[in-house]
Amino acid sequence: EAQVTQNPRYLITVTGKKLTVTCSQNMNHEYMSWYRQDPGLGLRQIYYSMNVEVTDKGDVPEGYKVSRKEKRNFPLILESPSPNQTSLYFCASSVDRGGTRTQYFGPGTRLLVL
Amino acid sequence: DAKTTQPNSMESNEEEPVHLPCNHSTISGTDYIHWYRQLPSQGPEYVIHGLTSNVNNRMASLAIAEDRKSSTLILHRATLRDAAVYYCILFFTGYNTDKLIFGTGTRLQVFP
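All names here are of chain B. Here strand β9 (residues 106–111) shows a buried face lined by Thr106, Leu108 and Val110 and an unburied face lined by Arg107, Gln109 and Phe111. Examined bridge by bridge, strand β1 (residues 9–13) and β9 share five bridges and lie parallel to one another. In the strand pairing of β9, Met10 is matched with Leu108. Of the pairings in the sheet, the one linking strand β8 (residues 84–92) to β9 comprises three bridges and is antiparallel in character.

Okay, structure coming up:
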C-alpha cells in the first residue's frame, strides 16, 4: 500500500532533550516536506527536500533540522526542543500529476514539550 | 503568496450535493488550484486540482470560473465520511518550491 509513515505518533518530552521524528515513504517520490499544524495558524511548512541531499527552508525552519540521505526517508530533528514546538507535525511526499505536484501526507505526530 | 478566501463552515444533508466555494482574485497564470481535505485526526488528503478547465475525478468535481478568480469544489452526493475541513490552495509548481499554503479552510458538516 502506498503510504507515508511517521514515528512516533505521540511523544512527550522535556525542554532541551534532542529528539527525532522519522518519516518514510514507499512511493519513490522525489519531494518530501515537513509541516506543523497549530490552532488558528493552520499548516505551515518547516522544511522541504527536492531529492537526496537537497533540502531547503520552508516558512518556519527555526529550531529544526532535516536530512535526506536516502530517497525514502526524511527525518525531522529537534536538537533542543522548547515548549513553543509543541504541535502536530505532518510529513508529506509529492508526486508529479497533470502538470503540477500533489502531496501525500502521513498520519501526524503529536509532540508535547514540557 | 497568492491567497484564497473560503467560508468558515458549511452544512449539508447526507446524499445531497455540496458546493464549496473559493475566491482567489490574485491568482497568477501559473498557479494551479488544488483542493485538499482533512478528516478528523488525520493528515490532509488530496482531492482534486485544475488549471483552467473543469475537472472530474472519483472523489469530486472542480468548476473553475472563466477568469480563474474563483472555483467551486462539488461533492455530488455527500456522505458522513465527507465531514472534514476542505482547503482551497493555489500552488506554483517549481523546482525550488513544494509548499502548500493552507488557509483556515471550510469546515463541512454532514447530517444524516
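Following the structure, the description resumes.
Our focus in this paragraph is the sheet that holds strand β3 (residues 31–38) of chain B. Residue and element names in this part refer to chain B. The five strands lie next to each other as β1-β9-β8-β3-β4, forming an open sheet whose pairing is mixed. Each end of this open sheet is capped by a strand with a single partner; those strands are β1 and β4 (45–50). Averaged over all adjacent pairs, the angle separating strand axes in this sheet is 25°, with direction ignored.

All names here are of chain B. What the rule picks out here adds up to two disulfides over all chains. Paired by a disulfide, Cys22 and Cys88 hold their sulfur atoms 2.1 Å apart. One disulfide, between Cys22 and Cys88, carries an S-S torsion of -85° and so falls in the left-handed class. Taken together, the residues Cys22 in strand β2 (residues 18–23) and Cys88 in strand β8 connect sequence positions 66 residues apart.

Another aspect to go through is the pattern of salt bridges. Here the structure, examined in full by the defined rule, presents seven salt bridges over all chains. With its nearest N and O atoms 2.9 Å apart, the salt bridge here joins B:Arg37 to B:Glu45. Residue B:Glu45 is classed as partly exposed on the basis of its relative accessible area, which comes to 27%. Across the salt bridge formed by B:Arg37 and B:Asp82, the nearest N and O atoms sit 2.8 Å from each other. Of this pair, B:Arg37 sits in strand β3 while B:Asp82 is found in the loop between β7 (70–75) and β8, placing the two residues 45 residues apart along the sequence. On the basis of relative accessible area, B:Asp82 is assigned to the buried category, the value being 12%. Each of A:Lys18, A:Lys65 and A:Glu79 takes part in salt bridges that share partners, so that together they form one network.

Criteria and cut-off values
- By convention here, each chain's residues receive numbers from 1 onward along its written sequence.
- Following the order in which they are written, the chains are lettered starting with A and the ligands numbered starting with 1.
- Where totals are concerned, whole chains, interfaces and linings use all residues; where local detail is concerned, this predicted model gives features only for residues with pLDDT of at least 70, and gives and counts side-chain atom pairs only at 80 or more.
- Note that the side-chain values use all heavy atoms of the structure and ignore hydrogens as well as water.
- Between buried and exposed lies partly exposed: a residue is buried under 20% and exposed over 50% of the maximum accessible area for its type, with that area taken using a 1.4 Å probe on protein chains only.
- Labels follow the DSSP assignment, with helices taken as runs of H or I lasting at least four residues and strands as runs of E lasting at least two, numbered in each case from the N terminus.
- Paired strands, as defined in this entry, are two strands with at least two bridges between them according to DSSP.
- Simply put, an axis is a line fit to the C-alpha atoms, just over the touching stretch for a helix, and the angle between two N-to-C directions goes from 0 to 180 degrees.
- Put simply, a disulfide is two cysteine sulfurs that come within 2.5 Å.
- Any carboxyl oxygen of Asp or Glu that lies within 4 Å of a side-chain nitrogen of Lys or Arg is treated as forming a salt bridge with it.

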